[in-house]
Amino acid sequence: MADEEDTGTGSDNYTITNLIGKTRQVSSLEKKERLYVFVSILNILVTIVFTIYRLVVVEKETDDFTFALLLLINAVFCIFYVIHGVLRERQFEVYAFMCGLMVVLVYCIAEYIFNKDGRTSVKLARMIVACVLAPVNLFLAWKAAKEFGFLEFRIVGASQQMQHMLKQTTIFSTLLKFDVQVSVSFVVLVLQEGTKIDSFEMVTLAVGLPFCIIWAFLGWIGMRIEKKWIMGCFAFLTLAAPAYIIYKMVKIYNHLHDEDQHSPLVMYSAIGAGALLLIVHVFVAIETVIIYRNFGKGLRERVLVLAPNERTGLLSNN
């Protein structure tokens, strides 16, 4: 076992080393962690079933269809946060899942209470299930995340400085994923909110999502291999998205009270998603500076157990 850990390969009873780095084995999960994963997946699958049903029965031009599509998209991200968050002990991914779960809970309750004309037995069942499972799920998620840390110790040892730098990489990685998640939601809302979209905007939106994914991957790979020029390109590209987001938010706001526009609920939601996306971008920019300053301080050597002159980075860490 010692030889396996010294070389950074192989596995033991707690971890296994694969293409994404050290990962906990499923057999190492404690009862409360397994319960958290089980309840979370059950909760998400129930949400997906109700959501797909709504997508099938409602008209595509309605608010119900738009928000059902958003729920489905975010449910996919939540599944990733649950599984990856536990096996990689990503505390902030569990927190991201908790935030998404609270949004779903609030939406299910508010949509049933305030949309009296659209009340159905399916929405009532969805709200009841959410009210029963979500609080339990939130508690289990908090309990599981609070116990994380042993995998971090297995990777970098007892050094508080190394643990702090490693934690910064996990925060940065989580922010990139969350940014992509909010970006997809923003695009869906922009396409559905009802203001006129010209050819230029349609091209911008079509290019925007691939750009966002490439941008996130650039930051991810730059962090892992500790290449300053890649992080420099990433930082420069980070400035591109906010310009369009602000432009689109202002345009939607200026058309809020037009008589020929669609539901104000979708328009306000698009503005809210845009504001959240800008906030996430700010945090990404801050973490980019922190990550950049940590380059060359020995974290990559400690993570991979390599000689300091080897030209590798955090590829096995996050």
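Refer to the structure printed above.
In this report, we go over the structure that sits alongside the text. No experiment lies behind these values; they were computed from the predicted model shown.

1. Considering the side chain of Asp179
Consideration 1: Counting through the fold element by element, Asp179 comes out in helix H7 (residues 160-192).
Consideration 2: Polar side-chain contacts of Asp179 include one of 2.7 Å to the side chain of His281.
Consideration 3: Dropping the residues within four chain positions of it, Asp179 is found in contact with Cys212, Trp215, Leu277, Val280, His281 and Val284.

2. Examining the packing of aromatic side chains
Consideration 1: Within the structure shown, the criterion is met by 10 aromatic pairs.
Consideration 2: For the pair Phe92 and Tyr95, a centre-to-centre distance of 5.8 Å together with 90° between the ring planes defines the contact as edge-to-face. With Phe92 and Tyr95 both in helix H4 (residues 91-114) and 3 residues apart, the pair spans about one turn of that helix.
Consideration 3: Classification of Phe92 as partly exposed rests on a relative accessible area of 27%.
Consideration 4: You can call Tyr95 partly exposed: its relative accessible area is 31%.
Consideration 5: The interplanar angle of 75° and the centroid separation of 5.7 Å between the aromatic rings of Phe172 and Phe234 together place this pair among those described as edge-to-face. Of this pair, Phe172 sits in helix H7 while Phe234 sits in helix H9 (residues 228-238), placing them 62 residues apart in sequence.
Consideration 6: Here a set of aromatic residues connected by ring pairs shows up, and it is made of Phe172, Trp215 and Phe234.

3. Section: unusual backbone geometry
Consideration 1: Even without being a glycine, Glu89 presents a positive backbone phi close to 50°.
Consideration 2: You can see Glu89 is positioned in the loop between helix H3 (63-87) and H4.

4. Overview of helix H2 (residues 31-57)
Consideration 1: The terminal C-alpha atoms of H2, which comprises 27 residues, lie 39 Å apart, in line with the 39 Å expected from a rise of 1.5 Å per residue.
Consideration 2: Turning to H2, its buried residues number three or more, namely Glu33, Tyr36, Val39, Ser40, Asn43, Ile44, Thr47, Ile48, Phe50, Thr51, Arg54 and Leu55.

5. Concerning the packing of H9 against helix H11 (residues 264-293)
A packed helix pair is summarised by two numbers, namely the angle formed by the two axes and the spacing between the axes.
Consideration 1: Packing of H9 against H11 leaves a shortest axis separation of 11 Å and a crossing angle of 160°. With respect to each other, H9 and H11 are oriented roughly antiparallel. Of the two elements, H9 crosses H11, and the hand of that crossing is left-handed. Every residue of H11 that contacts H9 at Lys228, Met231, Phe234, Ala235 and Thr238 is listed here: His281, Val284, Thr288, Ile291 and Tyr292.
Consideration 2: Across the contact of H9 with H11, the residue classes tally to 6 nonpolar, 3 polar and 1 charged.

6. Some points on the nonpolar core
Consideration 1: Ranked by internal contacts, the top residues of the largest apolar core, which has 66 residues, are Tyr36, Phe97, Phe172 and Val284.
Consideration 2: Considering each element in turn, this core owes the most residues, 12 residues, to H7.
Consideration 3: With residues near it in sequence (within four places) discarded, Tyr36 still touches Val82, Val86, Val94, Phe97, Asn137, Leu140, Ala141 and Ala144.

Criteria and cut-off values
- Residues numbered from 1 in each chain as written.
- Predicted model: local features only at pLDDT ≥ 70, side-chain atom pairs only at ≥ 80, totals over all residues.
- Heavy atoms only, no water.
- Helix = DSSP H or I, 4+ residues; strand = E, 2+ residues; numbered from the N terminus.
- Polar contact = N/O pair within 3.5 Å; in protein donor to acceptor, adjacent residues only side chain to side chain.
- Contact = heavy atoms within 4.5 Å.
- Phe/Tyr/Trp six-rings, centres within 6.5 Å; stacked < 30°, edge-to-face > 60°.
- Buried < 20%, exposed > 50% of the residue type's maximum accessible area, 1.4 Å probe, protein only.
- Expected span 1.5 Å × (residues − 1).
- Axes fitted to C-alpha atoms, helices over the stretch in contact; angles between N-to-C directions.
- Parallel < 35°, antiparallel > 145°, perpendicular 65-115°, else oblique.
- Left-handed = near helix turned anticlockwise from the far one by under 90°.
- Nonpolar A, V, L, I, M, F, W, Y, C, P; charged D, E, K, R; others polar.
- Core = buried A, V, L, I, M, F, W, Y, C linked by side-chain atoms within 4.5 Å.

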